[in-house]
Amino acid sequence: QSEPIPSSTQVSNDAGGYSWIVDDWKQLQRFLILGSEGGTYHIAEKQLVRENAQAVERCIKNDSSRVIKTVVEISETGRAPKNDPALFVLAMCASIGDDKTRKEALQSLPKVARIGTHLFHFMQYCSQFRGLGRGLRTAISKWYQDKSVRDLAFQVVKYQSRDGWSNADMLRLSHPKTIDPVRNAVYKWIVDGVLLEYYDDLKIIEGFINIQNAKSDKEAAKFIMEYSLPLECVPTQFKTSSLVWEALLPSLGLTALIRNLGNLSKCGLLSKDNWDIKKQIVDRIANQEALKKARIHPIAILSALCTYSSGHGIKSKGEWETVPDIIDALDSAFYLSFSNVQSTGKCRLLALDVSGSMSGGAIGGIIGLTPRMASSALAMITYQRETKCEIVAFQ
């Protein structure tokens, strides 16, 4: 579109055409769902991050409670393929807002930072905006203190460090205090690496210590099954063993399973002879209830389908022989995950851009997922869930 519509409020855009202005609240919502990673066809990533951050800052000044509510809602319902934008916005609220905003943002931290990796991301974002004040230290301490001992032990072995932060760093900064000897044993192990006493709730830490000293993949597989250890506990040298991957399957979450299908094929676990293993994996992937419980976004499944079907890693040199049954299961899972999306009950007109620019760049930092593919997929989801919906195309 080379000219604005007469008597309209259209303005020139980054593509050299004209469009209506997107208000700050709509830009906030788009950022939380799509992020800025990779930029767009017309805007570099750095510029897009800056523009989104400026819009978020204006929203915080206008109505910080609404910002935090939006962040929590999108994060908890799994509407975004990645949780990083939600953590970034929450960190902004906890840093540049007034006292009331910072307090409200830190109170919402457990709802958005549900696992250790989320917490480390949040701290990294906060460090770009603010220092480590009392409010932030208290929120971090509460994050550890409010978890059950069993859940805490699981978190600290599964999510040990990220973005230059570790659980030990968090404890040294927040100084959580407890009179519970079992919880104190966890804290002691986090900071000093020593488990002085063994308790039933800390069996997973015992298993982690044992597998670090395993001498063979057979011994590692034994510890995985005995202690139900997650993938993150397995030393690197054992991650190419089919024995180890088979032992991991029962405790492997659905999201981790979908992400590691290439590794399962590379190690030979999905060979033609392993019919029982393949059926077990196919049944888990194409399980509608499991997909809903794991809050897996349809775009995340589409990304996994694109990657696995290609037969090689996007960021690594690993290659594998694809298994048709797994590809079919991912395809089914993509459609089954549509039920995770709630209908608005409103009339919707979806206008899809079919111009050449839609074939460049990546959505949500997912290499290979072009805007054309993502917009088509999201249109399919909306058309499936909304009773009053029409799709048109434009250039």
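Scroll up for the structure.
Residues numbered from 1 in each chain as written. Predicted model: local features only at pLDDT ≥ 70, side-chain atom pairs only at ≥ 80, totals over all residues. Heavy atoms only, no water.

Asker: Is there a simple way to think about the packing of aromatic side chains in this case?
Answerer: Aromatic ring pairs are described here by two measures, namely the spacing of the ring centres and the angle between the planes. Throughout the structure, instances matching the rule amount to ten aromatic pairs. Pairing Phe223 with Tyr227 gives two aromatic rings, centres 6.4 Å apart and planes at 40°, and the pair type is tilted. Placement of the pair is Phe223 and Tyr227 together in helix α12 (residues 217-227), with a separation of four residues, close to one helical turn. This pair shows no difference in class: Phe223 is buried, exactly as Tyr227 is. Clustering of aromatic rings is evident, with ring pairs tying together Phe31, Phe88, Tyr125 and Phe129. In this structure, Lys147 is placed above the aromatic ring of Trp143, and the distance from its NZ or CZ to the ring centre is 4.3 Å. Here Lys278 stacks its cationic end above the ring of Trp275, 4.0 Å away from the centre of that ring. (Phe/Tyr/Trp six-rings, centres within 6.5 Å; stacked < 30°, edge-to-face > 60°. Helix = DSSP H or I, 4+ residues; strand = E, 2+ residues; numbered from the N terminus. Buried < 20%, exposed > 50% of the residue type's maximum accessible area, 1.4 Å probe, protein only. Lys NZ or Arg CZ within 6 Å of the ring centre and 35° of its normal.)

Asker: Just to check I follow, could you spell out empty space enclosed by the protein for this structure?
Answerer: Taken as a whole, this structure holds two cavities of 30 Å³ or more when the rule is applied. Of the pockets and cavities examined, the second largest cavity occupies roughly 30 Å³. Considering the residues around the second largest cavity, the lining is formed by Met123, Leu132, Leu136, Arg137, Ile140, Met170, Leu173 and Ser174. Those elements that place two or more of their residues in the lining of the second largest cavity are α7 (134-145) and α9 (167-174). The residue inventory of the lining of the second largest cavity, partitioned by class, reads six nonpolar, one polar and one charged. (1 Å grid on protein atoms, 1.4 Å probe; cavity = no way out; pocket = protein on both sides within 12 Å on 5 of 7 lines; lining within 4 Å. Points joined across faces, edges and corners; volume = space filled by probe spheres on them. Nonpolar A, V, L, I, M, F, W, Y, C, P; charged D, E, K, R; others polar.)

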